[in-house]
Amino acid sequence: MDSTRSTPAAGWPLLALHPGLMLAALAIYPMLANDFFILQIGGQTLMLGLIALSLMLLAGYGGMVTLSQMTVAGISAYMVALLGDSHGGASLGWPWWLAIPAAIMVAVIAAAFIGALSAKTEGIYTIMITLAVGVAVFYLVLQNRVIFNGFQGLSHVRPPVVLGVDWRTPVAFYYLALACAVAGYYFVWRLRRTAFGLALQGIRDNPRRMSALGYDVIRHRIAAHAMAGAIAGVGGVLLAWYNTFVSPATVGVDAMINVLLVAVIGGIRHPLGAFLGAAVFVLLQSFAIDLIGSQRFRLLIGLIFLSTVLFSQDGLLGLWAQCRRWWVSVAGRRPFLISSSELPDR
Amino acid sequence: MRASKPAAAREPATQAALAIDRLDVRYGRARAVQQASLLLERGTLAIVGRNGMGKTSLCNAVTGMVPSSGSIRLFGEEIRGLPPHRIARRGVAYVPQGRRVWRSLTVDEHLRLAHRFRRGEWTPDGIYELFPRLKQRRHNGGTQLSGGEQQMLAIGRALLLDPSLLLMDEPTEGLAPIIVEQLAATLRSLAARTEMAILLVEQNLRFAVDVADSVAVMVNGCVVRTMPAAALAADRALQQQLMGVHAQGVGS
Amino acid sequence: MDGTSKMLRRSLLGTAILLGCTAAASAQQELKVGLVASLEGAFAVLGQDAVRGAELALKERGGVAGGKKIVFVRGSSDASPASAVNATRKLVEQDKVALMIGPLSGSEGVAVKDYAKTQPAVTFIDGSSGGQETTLVNPSPNFFRFNLDGAQVMAPLGPYAFEQGSKRVMVIAEDYAFPYSQVQGFMSGFCKAGGKVPRKAWIPIGTKDFSSVIASIPNDVDSLLVVLAGADAVNFIKQYDQAGGSKKVIGGSVMVDQTVLSYRGRFRSNLVGTLSSGWTADALETPAWEKFVADYRASSKEAFTAPSYFAFAYYNAVKATLNALDQVGGDLSDGQAKFRKVLAATQLQSPVGLITLDHNRQAVGPAFITKIVQRPDGKLVSSVVKAVPKIDQHLNMSKAEFDKMGIGSRDVPACP
Amino acid sequence: MKWPRHRDRAILAATPLVVVAAWACHHDTRLFVAATLNGVTLAALYFLVASGFALIFGLMRNVNLAHGSLYLLGAYVGYTVGDQTGSWYLGVVAGALGAAVLGVVLQVSVFRFMPGQELRQALVTVAISVVLADLMMWVWGADIYQLDPPEWMYGSSVLPIVQHYPTYRLILLVLAVAVGGGLWLLLNRTRIGMMIRAGVDDRMMLAATGVNMQFVFAVTFAIGAGLAGFAGVIGGSALSISPGEDTRYLLASLIVVVVGGLGSVAGTAVGALLIGLSEQYGLAYAPTYGVLFTFLIMVATLFYRPQGIFGGR
């Protein structure tokens, strides 16, 4: 929070990016970066961001902080491996145009089921029940060998070659992930002002009042889970392709908590936060070993998470908004290049 | 209506039991109490008003349960901003709306717990003398009591703090008429017997007029006027104008 | 200047700086070698010992091979395949290492081997992962392994244990690929010799409380084959001891490792006499091994009494790599073709004996039947009962015979 | 009256269980009795850990997701002190104290400033658990530690049917009963216990009665965290101490208190029993999927009875 006391920098508001410019920057990024940065940093950020985005939808709009979004993504990853081609388990070898939608459908159904289980609960209870469901799924895929191939998981999960493009090459995968991420972002961003989105936010703020107004709170929550499940499901398919395998570690407790870290570090009030958090997480994960010499990645990410929760009202985006307010009040001028739509909704 | 503040409140007398000056209580953006001022020198003051006028918020502010701005003085000393337990230890006791007795504590435990921080003339035995009914039920849990018994317990719990100011929020709510009569008698005798000042928040006008020396009227988070209890009792038109009540009007 | 173009310039500048930082600034005489081990999570203590082994091999040559200064660039995994591939990918694609050494555990090895197929320009040398299928099923032409897999090392033990009087054995092992291989290695010879395995208890990974498994041990078995590692091994032995268990314990290779033996506690005495089979033995009395142990112990203050298997395996991997680099004079041109040819033909004089590679670039080498003994200074070490100089990946069976048995799993092989 | 319906349902659920148990008992009496004993003694350990969690939650509505870290810290501190001094008892005291001190520090320096913000507190405790896990790995490494209890606790006792049974596990049971009894006495027979109970019911009224709630919170946190640390040393002597145990015992505590009913000591005992038994029966009779049972029990409980078996509303 010391940043709020630093001397005002003239270029400060430039940190706010115009959506169009940001999209352009993301689109030309592969021309400037090497394969590692394209795939492992870029691709992984977009993919992880998409899964965190599904949590942002639930937590930011619906007030439901779940830990099971990685589980939903993992179910989709397992399904795309099982229905399509993979080694190790009982894969069915369906064509991709059937396997992919089916995998996402299964993820949506699973998400709706988790939603139904947890819809009656609130706050911390939601965290607990989703944690339990997630760990149960983890043990299921760990212990089952015939279908899920146990600890080893399913390998050789590769995206199809469509339109003559191998979608697993870094640049192709990056653009695929980018397309999915932009679509997901746009969907979530637009959802906020739809009737459903408004009702969901109303339920977040006061479920009783919404219920009294005739809204079916439970159904809205389940529907939100299903929508988030679709987003997480797409993220899960990308995850399986990115790793080229899926194993129980994909849906383990650490992975489940990572999604929460990503979403909260970025900020759960705005879809941008999920991707911002994912970028921070992926960069740290990749470079912590170079930065601090030792292997203290978890400590670093934990401390960042801790300070985010302690000092910012809403992750990095919240911090950004706080700083911006500060800048506006100190410099006495409105920052330019900012459309109100991209600021955290508060 | 906001203009008619009691002149005395503007320059609080240092020895007044309770002097509230320009008190604000906010919940988020909503203002529950707005610039309320109130003076209670001694004796019993009743605050009357309809639901949602900020009476309970005022009590919560005095006891320190909600943050507020403005000034609250207890015998000349500022208590606003102190944590609730410090305010309690200075002699402000609270009998809240709905009694709020602890369901997992017995009657006896309630009294022993309260009789710790300010030891004065009241003891648990004294409370049992005042409310013999409680003595019979001393080993019963808080929720096994009837409404009237719970009210006795809540009052007993408050008295054990040896208060110099007793706050009561809707003590008659949900009680049978006969119990209300007894309660009024008890309060009158308490007021006569001790030095204690009483601030009574009440919707039941008849009870308020019956017990209190003077009455303050609260509308929309603001104290609009204070008058002797007898004056309100005599003026039915005013009762209806201020309160919009018919069924509970004095003398109805 | 308007804000937009100023900002664009800034972001381009920023990108340029970012890329500048990431570009490899390698000195002429340096050769970067990636080294991935599990330095996080439950396997961290093993990963640290693995790194000790790798560094020892490099130090023996003064850090130079093939006329180049060898620099290790480290990567860390948490023993999950995804993290191993991420760490490896960073070293290959970002840090631009020419050679990769690692990873540590079985499922990581399979994942890294699959990744190796996408990076034909880089040569991968396995660290210590012992998964059977890594080199047996769909091997990658640029993936080399200088350690025996989990089944190979256990193969000599089965017939020996049978000879020593273990006729009926209950298997207690963790429920994943590596223990499957270990059990397969043991059972392939054991069943052939006439032994019976009436019951196998596959323990879910992460189980700490084995008391009900212990309670379910049938009375009519005379020995237990226990394949658990680290904390689980310690827990099992202690609980078995406390429950008054008295059956003979036969250990998997990782069960009698120094990571377990160097642990202090009362149950230690129960380990004395435990039969096992492994890549090496602590008390192997050959000059080469004794020198290796002495060097290992001198290399670091935190070193164990004797090098763990992981230190040993990484040491071998690095040593073979550096040998080959020397032989080609540091020539990694032509897609490392010459280097790989030399590496595939390696005759590695390891501290335990000669290790060569088969056509799948999988090690063929010695294994040792061992027994735990207590040294005069109180330390527990594994002593050699019998050395078997050469075991191949088909467990010295014919390919047809091995294929008939198939890869080890919960139910393969079986002889109830 | 809903009771008859509940009873029908209970009978419906219990009948197959009784049949299965009878079969198991007949099939191999020794195994069944041993698995039951194992379940009960494991439940004792779970109860020790979870009771502190339940206590803290009951009063403060603080879901302390760092509770597992307190367990592990207590275990490490207990090991270190026990190893240095050679006294297991000192190790137990030090482990409990160490965790209690950390608990108080957390309450006073962090949680005090976010009253009523349950979700934020939960997130903060997640963060703290991530940080603590890595700090502990830094200090104690990833080695496996194990405390040896005094000689007389080690070894096995002779019991009917099961023959040899680890003495230490029986002691575990005694300890859990003692802690349960101690907690009951503390809550029901002492002034601070009275305050804690009153605070659970209505904490604002407790403050308005002159009680310094921050003091009660700190004491409760100390007791709850101390119980976690105590359990850490006790559990670390029964099993082993290594990274990852924090998550295990956090999960166990969560499941136990959610199944039993948050904030109820009796419920915690029942929950612990249910989870301990299901885990051990699972391991003995259905090793492959047995590990799923506990989670299914939790999900089912939350679905049908979100407040837990013993939880009131």
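Since the model is a prediction, treat every value here as computed from it, not as a measurement.

What counts and how
Residues numbered from 1 in each chain as written. Chains lettered and ligands numbered in written order. Predicted model: local features only at pLDDT ≥ 70, side-chain atom pairs only at ≥ 80, totals over all residues. Heavy atoms only, no water. Helix = DSSP H or I, 4+ residues; strand = E, 2+ residues; numbered from the N terminus. Buried < 20%, exposed > 50% of the residue type's maximum accessible area, 1.4 Å probe, protein only. Contact = heavy atoms within 4.5 Å. Core = buried A, V, L, I, M, F, W, Y, C linked by side-chain atoms within 4.5 Å. Expected span 1.5 Å × (residues − 1). Arc of directions from axis to C-beta. Buried area = accessible area lost by both parts, 1.4 Å probe. Salt bridge = Lys/Arg side-chain N within 4 Å of Asp/Glu carboxyl O. Patch = residues over 30% accessible without salt bridge, like charges linked within 9 Å, V, L, I, M, F, W, Y side chains within 5 Å. Areas by Shrake-Rupley, 256 points an atom, 1.4 Å probe, with all protein chains shown as cover. Pairing = 2+ DSSP bridges. Axes fitted to C-alpha atoms, helices over the stretch in contact; angles between N-to-C directions. Parallel < 35°, antiparallel > 145°, perpendicular 65-115°, else oblique. Left-handed = near helix turned anticlockwise from the far one by under 90°. Lys, Arg positive; Asp, Glu negative; His and termini not counted. Charge placed at Lys NZ, Arg CZ, Asp CG, Glu CD. UniProt positions renumbered as here; feature names shortened; annotations may be inferred. Nonpolar A, V, L, I, M, F, W, Y, C, P; charged D, E, K, R; others polar. pLDDT = per-residue confidence, 0-100.

A. Up close: the environment of Ala154(B). Residue and element names in this part refer to chain B. Mapped onto the secondary structure, Ala-154 falls in helix 6 (residues 147-159). Using a relative accessible area of 0% as the deciding quantity, one classes Ala-154 as buried. Taking the C-alpha atoms as reference points, Ala-154 and Ala-46, 108 residues apart in sequence, are found 18 Å from one another. The contacts of Ala-154, once residues within four sequence positions are left out, are Val-95, Arg-99 and Val-101.

B. Fine view of the nonpolar core. The biggest cluster of nonpolar side chains holds 239 residues, and the ones touching the most others in it are Phe305(A), Leu38(B), Leu58(B), Leu165(B) and Leu199(B). Of the residues forming this core, the biggest block, 18 residues, is contributed by helix 2 (residues 35-61) of chain A. One finds Leu157(C), Tyr160(C), Phe304(C) and Ala313(C) within the second-largest nonpolar core, a separate group that totals 88 residues.

C. Spatial organisation of helix 15 (residues 333-344) of chain C. All names here are of chain C. Along its 12 residues, helix 15 runs 17 Å from first to last C-alpha, staying within 8% of the 16 Å computed at 1.5 Å per residue. For helix 15, the set of buried residues is Gln-336, Phe-339, Arg-340, Val-342 and Leu-343. Buried residues of helix 15, viewed axially, fall in a sector of 160°; they line one side. Among the exposed residues of helix 15, those pointing more than 90 degrees away from its buried face are Asp-334 and Lys-341. Packed against the buried residues of helix 15 are strand 4 (99-101), strand 5 (123-125), strand 6 (143-144), helix 14 (309-327) and strand 13 (353-357).

D. Here's a closer look at the interface of chain D and chain A. Listed by partner, the interface residues are 37 residues for chain D and 32 residues for chain A. Approximately 3,300 Å² of surface area, both sides summed, lies buried where chain D meets chain A, with 81% of it carried by carbon and sulfur atoms. Broken down residue by residue, the surface that chain D buries against chain A is led by Leu123(D), Asp134(D) and Phe303(D), which jointly contribute 16%. Applying the counting rule to chain D against chain A returns 0 salt bridges.

E. Geometry of the pattern of salt bridges. Residues and elements named next belong to chain B. Enumeration according to the criterion identifies 32 salt bridges over all chains in this entry. Between Glu-149 and Arg-137 there is a salt bridge whose closest N-O contact spans 3.1 Å. Here Glu-149, found in helix 6, pairs with Arg-137, found in the loop between helix 5 (132-136) and helix 6; they are 12 residues apart in sequence, far enough to count as distant. There is no split in this pair, since Glu-149 and Arg-137 are both buried. Several salt bridges converge on common partners, so that one network encompasses Asp-24, Arg-26 and Arg-31.

F. Geometry of a nonpolar patch on the surface. Residues and elements named next belong to chain A. Residues Ile-28, Met-31, Leu-32, Val-171 and Tyr-175 make up a contiguous nonpolar surface patch of about 420 Å² in total accessible area. Where the nonpolar patch is concerned, the elements lending two or more residues are helix 1 (19-32) and helix 6 (170-191). The element that contributes the greatest number of residues to the nonpolar patch is helix 1, accounting for 3 residues. Secondary-structure assignment places Tyr-175 in helix 6.

G. Representation of the environment of Leu273(D) in the model. Summarising the element assignment, Leu273(D) is placed in helix 11 (residues 265-285). Spatially, the C-alpha atoms of Leu273(D) and Gly39(D) are 7.2 Å apart, while their sequence positions differ by 234 residues.

H. Up close: the sheet that holds strand 6 of chain C. Residues and elements named next belong to chain C. Read across the open sheet, the 6 strands follow the order 2-3-1-4-5-6; overall the sheet is mixed. The open sheet has two edge strands, strand 2 (64-65) and strand 6, and neither has a second partner. Sheet topology places strand 2 next to strand 3 (residues 68-77); 2 bridges connect them, and they run antiparallel. By the bridge assignment for strand 3, Ala-65 is matched with Lys-68. Sitting on the sheet, helix 3 (residues 81-94) is in contact with strand 1 (30-38), strand 3, strand 4 and strand 5, with an inclination near 150° to strand 3.

I. Quick look at the packing of helix 3 (residues 67-85) of chain D against helix 9 (residues 213-238) of chain D. Residues and elements named next belong to chain D. Contact pair helix 3 / helix 9: the axes reach a minimum separation of 7 Å and the direction vectors enclose 55°. As far as their axial angle goes, helix 9 and helix 3 are oblique. Remark: the crossing between helix 3 and helix 9 carries right-handed chirality. From helix 3, His-67, Leu-70, Tyr-71, Gly-74, Ala-75 and Gly-78 reach across to helix 9, where they touch Gly-224, Ala-225, Ala-228, Gly-229, Ala-231, Gly-232, Val-233, Gly-235 and Gly-236.

J. Region of the structure containing a positive patch on the surface. A surface patch of positive charge is lined by Arg86(B), Arg89(B), Arg116(B) and Arg191(D). When you line up the elements, Arg89(B) lands in helix 2 (residues 84-89). Take Arg89(B): its relative accessible area is 32%, and that puts it in the partly exposed class.

K. Geometry of the sheet that holds strand 1 (residues 18-27) of chain B. Taking strand neighbours across the sheet as the criterion, the 4 strands line up as 2-1-4-5 (chain B) in an open arrangement whose pairing is antiparallel. Each edge of the open sheet is held by one strand with a lone partner, namely strand 2 (30-40) and strand 5 (77-78) of chain B.

L. Fine view of the pairing of strand 13 of chain C. Residue and element names in this part refer to chain C. By the criterion of burial, strand 13 is predominantly enclosed, with 4 of the 5 residues buried. Of the pairings in the sheet, the one linking strand 12 (residues 348-350) to strand 13 comprises 3 bridges and is antiparallel in character. Note on strand 13: the bridge partner recorded for Leu-348 is Ile-355. Linking two consecutive strands that pair antiparallel, namely strand 12 and strand 13, is a turn of 2 residues. Sheet analysis places strand 13 next to strand 14 (residues 363-374), joined by 2 bridges and oriented antiparallel. In the sheet register, Thr-356 faces strand 14, and the bridge partner there is Val-364. Counting the residues that bridge the hairpin from strand 13 to strand 14 gives 5 residues, and of these Arg-361 lies at a positive phi of roughly 60°.

M. Representation of the UniProt feature "transmembrane region" (unreviewed entry) in chain D within the structure. Residue and element names in this part refer to chain D. When the UniProt feature table is mapped to this numbering, "transmembrane region" (unreviewed entry) covers residues 40-58, 88-111, 123-147, 167-187, 215-239, 251-275 and 282-304. With 72% helix and 0% strand, residues 123-147 has its two end C-alpha atoms placed 32 Å apart. Note that residues 167-187 is 100% helix and 0% strand, and that its end C-alpha atoms are spaced 30 Å apart.

N. Here's a closer look at the interface of chain C and chain D. Listed per partner, the contact involves 32 residues of chain C and 39 residues of chain D. Across the chain C/chain D interface, buried area totals approximately 3,000 Å², and carbon plus sulfur atoms make up 49% of it. Between chain C and chain D we count 2 salt bridges in total. One salt bridge in this structure joins Asp148(D) and Lys238(C), with 4.0 Å as the shortest N-O distance. For the side of chain C that touches chain D, the elements supplying multiple residues, two or more each, are helix 2 (44-59), helix 9 (211-215) and helix 10 (230-242) of chain C. Top contributing element to the side of chain C that touches chain D by residue count: helix 10 of chain C, with 8 residues. In terms of residue class, the side of chain C that touches chain D is built from 12 nonpolar, 12 polar and 8 charged.

O. Quick look at the packing of helix 2 (residues 29-60) of chain D against helix 10 (residues 245-260) of chain D. Residue and element names in this part refer to chain D. Across the interface, helix 2 lies against helix 10 with an axial gap of 9 Å and an inter-helix angle of 75°. Classified by the angle between their axes, helix 2 and helix 10 sit roughly perpendicular to one another. Contacts between helix 2 and helix 10 involve Leu-45, Tyr-46, Val-49, Ala-50, Phe-53 and Ala-54 from the former and Tyr-249, Leu-250, Ala-252, Ser-253, Leu-254, Val-256 and Val-257 from the latter. Of the residues contributing to the contact of helix 2 with helix 10, the split by class is 12 nonpolar, 1 polar and no charged.

P. Just the confidence of the model for chain A, in detail. All names here are of chain A. Of the residues in chain A, 89% have a pLDDT of 70 or more, and the chain-wide mean is 79. Within the model, the stretch residues 1-15 combines pLDDT values under 50 with 25 contacts to residues more than four positions away or in other chains. In this model residues 335-346 is a low-confidence stretch, pLDDT under 50, and it forms 41 contacts with partners more than four residues away in sequence or in other chains.

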